[in-house]
Amino acid sequence: MLSQFGPDLLEQCESALRMSRELVTTWLKRYMFSESVDGEGRTETISNWLADHQNFMSHSRHIPREDVEAYGLKTSRLESDEQLQDLVLTIFHATTLTFGGTPAVKIVENHRGNAFIKQQVVQQGPPIQVGVLPTTPTENLQHS
């Protein structure tokens, strides 16, 4: 199974991990903690925490609000702004339904209604029937 992967795969993975840590650190310094005295050290801690596979084990795993706040990330609660919450949930539900019910895998849309939609079409083979039982009583007797 490993023979299908080239020797550079590990290096590519390590480079992607380094790049994501660097991006998160840079963005936190530049935006969220730009006015914080202790922002420098916090950004490294947060970046390492987010990049540690042992903490999440999946890119899509939910991070509880309490954990995010415990690491000092600045958050806003959607529940405190009913209109914003409604808008965010409307977009969330629309994209969830779109990605779950269509071959769309990526959508980029602007404020003018122009959109780029990437689709992934998977070829399906014919259905396979396994262990189909006879349908008439006489066929059941013949197989006994």
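Residues numbered from 1 in each chain as written. Predicted model: local features only at pLDDT ≥ 70, side-chain atom pairs only at ≥ 80, totals over all residues. Heavy atoms only, no water.

Draft legend 1. How the structure looks around the pairing of strand E1 (residues 104-109). Two elements, E1 and strand E2 (residues 115-119), share five bridges in a ladder whose sense is antiparallel. Within E2, the position partnered with Ile 107 by the bridge is Ile 117. Hairpin connection, E1 to E2: the antiparallel pair is bridged by five residues, and Gly 113 has positive phi, about 90 degrees. (Pairing = 2+ DSSP bridges. Helix = DSSP H or I, 4+ residues; strand = E, 2+ residues; numbered from the N terminus.)

Draft legend 2. The arrangement of a nonpolar patch on the surface in detail. Taken together, the side chains of Met 19, Leu 23, Trp 27 and Tyr 31 define a hydrophobic patch exposed on the protein surface, amounting to about 460 Å² of accessible area. Turning to its location among the elements, Trp 27 is positioned in helix H1 (residues 9-32). Classification of Trp 27 by relative accessible area gives partly exposed; the value is 47%. (Patch = residues over 30% accessible without salt bridge, like charges linked within 9 Å, V, L, I, M, F, W, Y side chains within 5 Å. Areas by Shrake-Rupley, 256 points an atom, 1.4 Å probe, with all protein chains shown as cover. Salt bridge = Lys/Arg side-chain N within 4 Å of Asp/Glu carboxyl O. Buried < 20%, exposed > 50% of the residue type's maximum accessible area, 1.4 Å probe, protein only.)

Draft legend 3. Fine view of the confidence of the model for the chain. For the chain, per-residue confidence averages 87 on the pLDDT scale, and residues scoring 70 or more make up 90% of the total. Within the chain, helix H6 (residues 137-142) has the poorest average pLDDT of any element, 56, and helix H5 (residues 82-101) the best, 94. (pLDDT = per-residue confidence, 0-100.)

Draft legend 4. Main features of unusual backbone geometry. With a phi close to 60 degrees, Met 57 is a non-glycine residue in the positive phi region. Looking at where Met 57 falls in the secondary structure, it is placed in the loop between helix H3 (53-56) and helix H4 (65-70). Judged by its relative accessible area of 53%, Met 57 is exposed.

Draft legend 5. View of the packing of aromatic side chains. With the rule as written, the count across this model stands at two aromatic pairs. Each ring, one from Trp 49 and one from Phe 56, has its centre 5.3 Å from the other, and the planes form 65 degrees; the classification is edge-to-face. In this structure, Trp 49 and Phe 56 share a single accessibility class: buried. On the basis of an interplanar angle of 15 degrees and a centroid distance of 4.0 Å, the ring pair of Trp 49 and Tyr 71 is categorised as stacked. Of the two residues, Trp 49 is situated in helix H2 (residues 39-51) and Tyr 71 in the loop between H4 and H5; the sequence distance between them amounts to 22 residues. Trp 49 gets classed as buried once you look at its relative accessible area, which sits at 9%. (Phe/Tyr/Trp six-rings, centres within 6.5 Å; stacked < 30°, edge-to-face > 60°.)

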